[in-house]
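Chain and residue survey
What follows is the residue order along each chain.
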Amino acid sequence: MEQTAGCPAVGGSYPQKNAEILSSQYGINLFLAGLLLTFAWAVHAVGISKSHLLSYLITLMLIQLLWMLWYLCRSCTQRRLIRDKDTHAGARWLKCGITLFAVITLILDSFKIGYYIDFSNCLSPTEGIFPVTHAVHTILQVYFLWCHAKDVIQSFKTLERFGVIHSVFTNLLLWTNGVLTESKHQLNEHKERLITLGFGNITIVLDDHAPQCNCTTTTLCSIFSQGIYYLYPFNIEYHILASTMLYVLWKNIGRKVEHHQQNKTLFKFRGITVGMIFGLIVLISTIAIVVVYLIQIGGSKIKSELALTMFYLHAIFVLALMCTAGIIALLIYRLEDRSLDNSKNPARKLDAELLVGTAAGSWLLSWGSILAIICAQGHPKYTWYNLPYSVLVIIEKYIQNLFIIESIHREEEKANDDIKTLRIVTISRGTTLSLTPLYKEIYNGRAACDSGDVPCLFKGSVRGRENDGTGVAKEETSQDNTLVMHSASDFSFGSGNSVTNNKRRILKNIAAFLFLCNLSLWIPPAFGCRPEYDNGLEEIVFGFEPWIIVVNLAMPFSIFYRMHSAASLFEVNCKT
């Protein structure tokens, strides 16, 4: 009977599993078709133009818009129903971050619209339709994620799986398009810089996709064309964040959620002053280094070498500090005896996988630089700084990944059962001691009611009654009729709490410092400060085209790693 009763449940899981497999395969094929189309445009394949790529992306965005509108309308009609929510998905700070990137993306779309208007005589209409569609898509998608990122979908599951996975891979293709466009711009600048470093033997052929007509307003065209490339890093981060949030939504479809209350994690500046100060110093110095680097690089051979040396020395110092901070945090964790939370959590699992997966991009570049330094016959002085820099990049990400993954998997600290809240003990004339709960216990939310004798320590003076043996009570003079007492266990565990609070304060400062350091290290590659391009030594060893392909493939993952690490460290700081 038990086996028969269990059969429908097992059989009922097959359609949903098939739907998950079918939807994932649909998304992968959708992505591969778009990826091949993007690659064909990048290499100037015969018969493939930019309008074909944009038409494909516009179609995908319109389909996603229709699905989101349908989902929002259905949600409005069923708004009175109680839906399951994944409390770990779609954190408020993550929504705020994606909203910021979305706003800058809308500015980018407005620049593209202005650019199209100025070059409308020789540009395809799809280049004007694309930014308009993308702007509408961005606004609706951000609203959708704000309202429904935590949803655990339990109805129309097969249809919703296809809709969500379509949205995931649409954002990934938009991310790929942004990465490619920005990389082509960086590559053109890189080829021009190599001449100033003395690598004249490398063939310089600029990959130009500029319109073949004159601009109607020269000044505006220059502002739009230059401004677009400075805004692309934010557009890239927006789409990758959106795809990760949508992926968690897809994984949650049909999931059975354990209904338990989750403590809200709030960010507080209190207690992290030291970490914030050092982190802000790193952030400000990094911005200054990037500005000087972009001004000096390509000016002359001497200026370019000085810019590279300055970048490497600054990065080595920052990475060494980050390694030290990470090691201290891991040592503190080793001193604590706290178990890990191994419960099913798609958001947390995705965070850990993204950290390790995207770190591989930086590791690939670092090992390439190390191999180039070892194998190269000639070594300009500035290239030697690349060796400790590459080694520290590998070590720092290894340590930081350990710290973040362990932090997000650690169980939240619970109150010790022996530590009680304050009681009021009233000693009234001719009565026994009566215990009255003053506060609710902090962690379990129940009133503190203990039976039996409670050892108490008196604070202040006591007004009591003494029997002198003749039945006459002697009153001790006092000003109060009630007194506040602590449970004896409060004091026995007081020193332990002090040590725990100190450890927590150190961990919060380390998380805050690493958060700002990762934001700082995101800025240089995102805004064109890329020594992997400008060093020149790797191009000699591996060849120009092979190394550039490696850099273009690995760099987007390296950039995303820093932003994702910053987001994870922000969460660690809130939880600690």
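Residues numbered from 1 in each chain as written. Predicted model: local features only at pLDDT ≥ 70, side-chain atom pairs only at ≥ 80, totals over all residues. Heavy atoms only, no water.

Put simply, the rule reads: UniProt positions are given in the numbering used here, feature names are shortened, and annotations may be inferred rather than shown by experiment.
The name given to the chain in an unreviewed UniProt entry is OTOP1 protein, with Zosterops hypoxanthus as the source organism. What UniProt states about the chain under its Subcellular location (unreviewed entry) heading is, verbatim, "Cell membrane". According to the UniProt record, the Sequence similarities (unreviewed entry) comment for the chain reads "Belongs to the otopetrin family."

1. Section: the overall build of the chain
Under the convention used in this document: Helix and strand assignments come from DSSP, with helices taken as H or I runs of at least 4 residues and strands as E runs of at least 2, each series counted from the N terminus. In this scheme, a residue with accessible area under 20% of its type's maximum is buried, one over 50% is exposed, and one in between is partly exposed, where area comes from a 1.4 Å probe on protein chains only. Contact between two residues is taken to exist if any of their heavy atoms lie within 4.5 Å; hydrogens are not considered.
A tally of regular secondary structure across the chain gives 15 helices and 6 strands. For the chain, buried positions account for 47% of its 576 residues. For the chain, the proportion of contacts with a sequence separation of at least 24, taken over those separated by at least 6, is 84%.

2. A few points about the nonpolar core
Formally: Residue types Ala, Val, Leu, Ile, Met, Phe, Trp, Tyr and Cys, when buried and joined through side-chain atoms within 4.5 Å, form a set referred to as a nonpolar core. Delimitation of the domains relies on an automatic or database domain assignment.
Phe144, Met322, Tyr389, Phe403, Leu514 and Trp522 are the most contacted members of the largest nonpolar core, which has 131 residues in total. No other element matches the 16 residues that helix H6 (residues 218-251) contributes to this core. Both domain 1 (15-258) and domain 2 (266-411 + 499-575) contribute no fewer than three residues apiece to this core. Aside from chain neighbours lying at most four places away, what touches Tyr389 is Phe311, Tyr312, Ala315, Ile316, Leu319 and Glu532.

3. A few points about helix H15 (residues 544-575)
Convention followed: An expected span of 1.5 Å times one less than the residue number is assigned to each helix. Fitting axes to the seven residues that end at a residue and to the seven that start at it, the angle between those axes gives the bend at that residue.
In this model, H15 (32 residues) spans 46 Å end to end at C-alpha, consistent with the 46 Å of a helix rising 1.5 Å per residue. The axis of H15 is deflected most strongly, by about 30°, at Ala554, and proline Pro556 appears within four residues downstream. Within H15, 23 of the 32 residues are buried, which leaves it mostly tucked inside the rest of the structure.

4. Here's the deal with the packing of helix H2 (residues 50-77) against helix H4 (residues 126-148)
This is how it is decided: Each axis is a line fitted through C-alpha atoms, taken for helices only over the stretch in contact, and angles between the N-to-C directions span 0 to 180 degrees. Orientation categories follow fixed angle ranges, with anything under 35 degrees roughly parallel, anything over 145 roughly antiparallel, 65 to 115 roughly perpendicular, and all other angles oblique. Left-handed describes a crossing whose near helix is turned anticlockwise from the far helix through less than a right angle; right-handed describes the clockwise counterpart. When residues are sorted by character, Ala, Val, Leu, Ile, Met, Phe, Trp, Tyr, Cys and Pro go into the nonpolar class, Asp, Glu, Lys and Arg into the charged class, and all the rest, Gly among them, into the polar class.
At a closest axis distance of 9 Å, the pairing of H2 and H4 adopts a crossing angle of 30°. For the element pair H2 / H4, the angle class is roughly parallel. Pair H2 / H4 crosses with left-handed handedness. For the contact of H2 with H4, a count of residues per class yields 17 nonpolar, 10 polar and 2 charged.

5. Overview of the packing of aromatic side chains
Quick reminder of the rule: For Phe, Tyr and Trp, where Trp contributes only its six-membered ring, two rings pair if their centres lie within 6.5 Å, and the inter-plane angle classes them as stacked under 30 degrees, edge-to-face over 60, or tilted in between.
Per the stated rule, a full pass over the model turns up 20 aromatic pairs. Note on Phe111 and Phe224: the rings are 5.4 Å apart at their centroids and 65° apart in plane angle, and the pair reads as edge-to-face. Of the two residues, Phe111 is situated in helix H3 (residues 92-118) and Phe224 in helix H6; the sequence distance between them amounts to 113 residues.

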